Amino acid sequence: MNIGSEILYLSRADIEEINLPMAEIMDLLEKAYLEKDSGRLDMPPKIDISPAPEAFAHAMPCWLPSMQAAGLKWVGGTPANKSRGLPFLGGLCILNDPESCMPVCVMDCGWITAKRTGAKSGVCARRFARRDSRVLGILGCGEQGYSNLEAVSIALPALEKVLVYNTSPEPAERLASSQSEKLGIPVRAVRSPREVVEESDVLVTAGWISLSARRTVKAEWIRPGATLVPVDLDCMYTPGAMTLCDKYFTDDPAGYERSRSMGFFSTVPERPRELCRALAGRIPGRESDEERIIFLNTGLALDDVSTARRIFELALAAGRGAMLPL
């Protein structure tokens with residue numbers, strides 16, 4: 001490509017055709033978080049605006065020298081999009097040539113956001129879940145339900161069963177019927193969130209991100225030794241459930257504090273430990289089979305930029321996308 005005079009555009013269809021494997025995304029993220037632990041990256045805090053109540057738009061830049069990945073995700077969303085027939089989230093990833101800093105690629109970020117979020121749940125399950133974890137539970141069966149199921153099933157070799165629940169049953173039934181044969185293990189839609197939580201060794205919650213969301217998960221439902229991975233901040237957890245855990249981790253303390261200042265995580269009883277330090281072995285992860293561990297995911301630019309860079313490389317090699325003049 002002619003840097004400075006053209007740019008590669010990748011639609012969601014292009015990215016889906018490339019279909020970067022989930023296992024590779026998990027490995028990319030783990031590598032990126034080890035770079036974060038060592039300080040070998042440049043990642044300013046998110047810049048955000050809120051054009052409407054409970055709406056947001058984030059600018060998320062990152063430079064990862066080891067991956068030659070320089071770029072930014074510009075993403076926005078609001079729960080009100082449901083009534084408009086739109087996805088909760090939408091936006092773009094923009095990549096720059098590291099030497100000239102000229103833009104070289106712009107791509108849809110929907111697929112990337114879903115897959116990298118699931119991948120990080122998989123990384124956390126691989127690090128924090130009990131080795132004998134056999135039951136995965138998922139509350140919320142939209143796009144994140146699928147991506148988290150894919151990633152966590154890779155992370156848990158002993159997995160025997162998946163239970164899924166959605167407030168309207170049809171999405172849960174679709175997820176269950178489409179994924180059982182694909183994964184080779186039973187995926188069952190159930191009618192009660194309590195049934196999911198009480199049986200789960202690993203629990204993913206993937207509902208709407210809203211301060212007014214209905215808090216469903218109760219402390220008495222959570223079994224000893226459970227690993228909890230909310231990808232919807234703390235929106236499904238009652239205060240008692242949030243204070244029950246033995247260890248709290250987050251992907252980024254600054255992002256966690258920013259979310260807390262907005263009203264999320266208000267009942268978390270202690271400052272969470274940092275994921276990258278646990279992945280690097282500098283602090284312990286799980287130390288007993290009885291510990292309840294929760295990972296508070298805020299989402300980081302390194303997740304998106306590392307994934308987008310690899311997709312860009314594969315797109316160039318395969319001749320995918322459209323070259324547009326600058």
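Procedures and definitions
- Residues numbered from 1 in each chain as written.
- Predicted model: local features only at pLDDT ≥ 70, side-chain atom pairs only at ≥ 80, totals over all residues.
- Heavy atoms only, no water.
- Helix = DSSP H or I, 4+ residues; strand = E, 2+ residues; numbered from the N terminus.
- Buried < 20%, exposed > 50% of the residue type's maximum accessible area, 1.4 Å probe, protein only.
- Contact = heavy atoms within 4.5 Å.
- Lys, Arg positive; Asp, Glu negative; His and termini not counted.
- Charge placed at Lys NZ, Arg CZ, Asp CG, Glu CD.
- Axes fitted to C-alpha atoms, helices over the stretch in contact; angles between N-to-C directions.
- Parallel < 35°, antiparallel > 145°, perpendicular 65-115°, else oblique.
- Patch = residues over 30% accessible without salt bridge, like charges linked within 9 Å, V, L, I, M, F, W, Y side chains within 5 Å.
- Areas by Shrake-Rupley, 256 points an atom, 1.4 Å probe, with all protein chains shown as cover.
- Salt bridge = Lys/Arg side-chain N within 4 Å of Asp/Glu carboxyl O.
- Pairing = 2+ DSSP bridges.
- 1 Å grid on protein atoms, 1.4 Å probe; cavity = no way out; pocket = protein on both sides within 12 Å on 5 of 7 lines; lining within 4 Å.
- Points joined across faces, edges and corners; volume = space filled by probe spheres on them.
- Nonpolar A, V, L, I, M, F, W, Y, C, P; charged D, E, K, R; others polar.
- Expected span 1.5 Å × (residues − 1).
- Arc of directions from axis to C-beta.

Caption draft 1: Quick look at the overall build of the protein. The helix and strand inventory of the protein stands at 11 helices and 15 strands. Across the 326 residues of the protein, 54% fall into the buried class. When contacts within the protein are restricted to residue pairs at least 6 apart in sequence, long-range pairs at least 24 apart make up 72% of them. The averaged location of the 42 negative side-chain charges in the protein is 3 Å from the averaged location of its 38 positive side-chain charges.

Caption draft 2: Representation of the packing of helix H2 (residues 22-38) against helix H4 (residues 110-128) in the model. Close contact between H2 and H4 brings their axes to 8 Å; oriented N to C, the two are set at 70°. Between H2 and H4, the angle is such that the two are roughly perpendicular. For the pair H2 and H4, contact is made by Met22, Ile25, Met26, Asp27, Leu29, Glu30 and Tyr33 and by Trp111, Lys115, Arg116, Gly118, Ala119, Lys120, Gly122, Val123 and Arg126, respectively.

Caption draft 3: Layout of a nonpolar patch on the surface. The grouping of Met1, Ile3, Met102, Leu316, Met323 and Leu326 at the surface amounts to a nonpolar patch, some 520 Å² of accessible area in total. Looking at the secondary structure, you find leucine 316 in helix H11 (residues 301-318). The class for leucine 316 is partly exposed, based on a relative accessible area of 38%.

Caption draft 4: A look at the environment of proline 230. Inspection of the secondary structure puts proline 230 in strand S11 (residues 227-230). On the basis of relative accessible area, proline 230 is assigned to the buried category, the value being 0%. Beyond its immediate stretch of four places on either side in the chain, proline 230 contacts Thr205, Tyr237, Ile294, Phe295, Leu296 and Asn297.

Caption draft 5: Quick look at unusual backbone geometry. Even without glycine at this site, glutamine 68 takes up a positive phi of about 50°. Assignment of secondary structure puts glutamine 68 in the loop between strand S3 (56-64) and strand S4 (69-77). Among the residues examined, glutamine 68 registers a relative accessible area of 36% and is labelled partly exposed. Here leucine 233, not a glycine, exhibits a phi torsion of approximately 55°, which is positive. Looking at the element boundaries, leucine 233 is found in the loop between S11 and helix H8 (239-243).

Caption draft 6: Structural view of the pairing of strand S1 (residues 6-10). Burial of S1 is extensive: four of the five residues sit out of reach of the surface. Two strands pair when backbone bridges link them, and S1 and strand S15 (residues 322-325) are joined in this way by four bridges, in the antiparallel orientation. By the bridge assignment for S15, isoleucine 7 is matched with leucine 324. With three bridges connecting them, S1 and strand S6 (residues 103-108) associate as parallel partners. Across the sheet, residue leucine 8 finds its bridge partner in S6, namely cysteine 105.

Caption draft 7: A look at the sheet that holds strand S9 (residues 187-189). Reading across the sheet, the eight strands line up as S9-S8-S7-S10-S11-S14-S12-S13 and stay open at both edges, with parallel pairing between neighbours. A strand with exactly one partner marks an edge of an open sheet, and here the two such strands are S9 and strand S13 (273-274). Along the sheet, H4 makes contact with S11, strand S12 (247-250) and strand S14 (293-296), crossing S14 at roughly 155°.

Caption draft 8: Inspection of the layout of surface pockets at higher detail. By volume, the second largest pocket is sized at about 250 Å³. Lining of the second largest pocket is provided by Ala125, Arg126, Arg127, Phe128, Ala129, Arg130, Arg131, Ala155, Leu156, Pro157 and Arg286. No other element matches the four residues that H4 contributes to the lining of the second largest pocket. Along the lines of polarity and charge, the residues of the lining of the second largest pocket split into six nonpolar, no polar and five charged.

Caption draft 9: Geometry of H4. Taking 1.5 Å per residue, 19 residues should reach 27 Å; H4 reaches 27 Å between its end C-alpha atoms and fits that length. Most of H4 sits inside the fold, with 17 of its 19 residues counted as buried.

Caption draft 10: Spotlight on helix H9 (residues 253-261). Along H9, the residues that are buried comprise Pro253, Gly255, Tyr256 and Ser259. End-on, the buried residues of H9 take up no more than an arc of 160°, which puts them together on one face. Looking one or two places after H9, you find glycine 263, whose phi comes out positive at around 115°.

Caption draft 11: Geometry of the pattern of salt bridges. Using the criterion set out here, one finds 31 salt bridges in the structure. We note a salt bridge from lysine 115 to glutamate 150, for which the minimum N-O separation is 2.7 Å. On the criterion of sequence distance, the pair formed by lysine 115 in helix H4 and glutamate 150 in helix H5 (residues 143-155) is long-range, its members being 35 residues apart. Through salt bridges with shared partners, a single network forms among Arg130, Asp132, Arg134, Glu160, Asp201 and Arg223.

Caption draft 12: Examining the side chain of lysine 120 more closely. Here lysine 120 shows up in helix H4. Here lysine 120 is in contact with Leu29, Tyr33, Asp251, Leu275, Phe295, Asn297, Gly299, Leu300 and Asp303, once residues within four sequence places are set aside.

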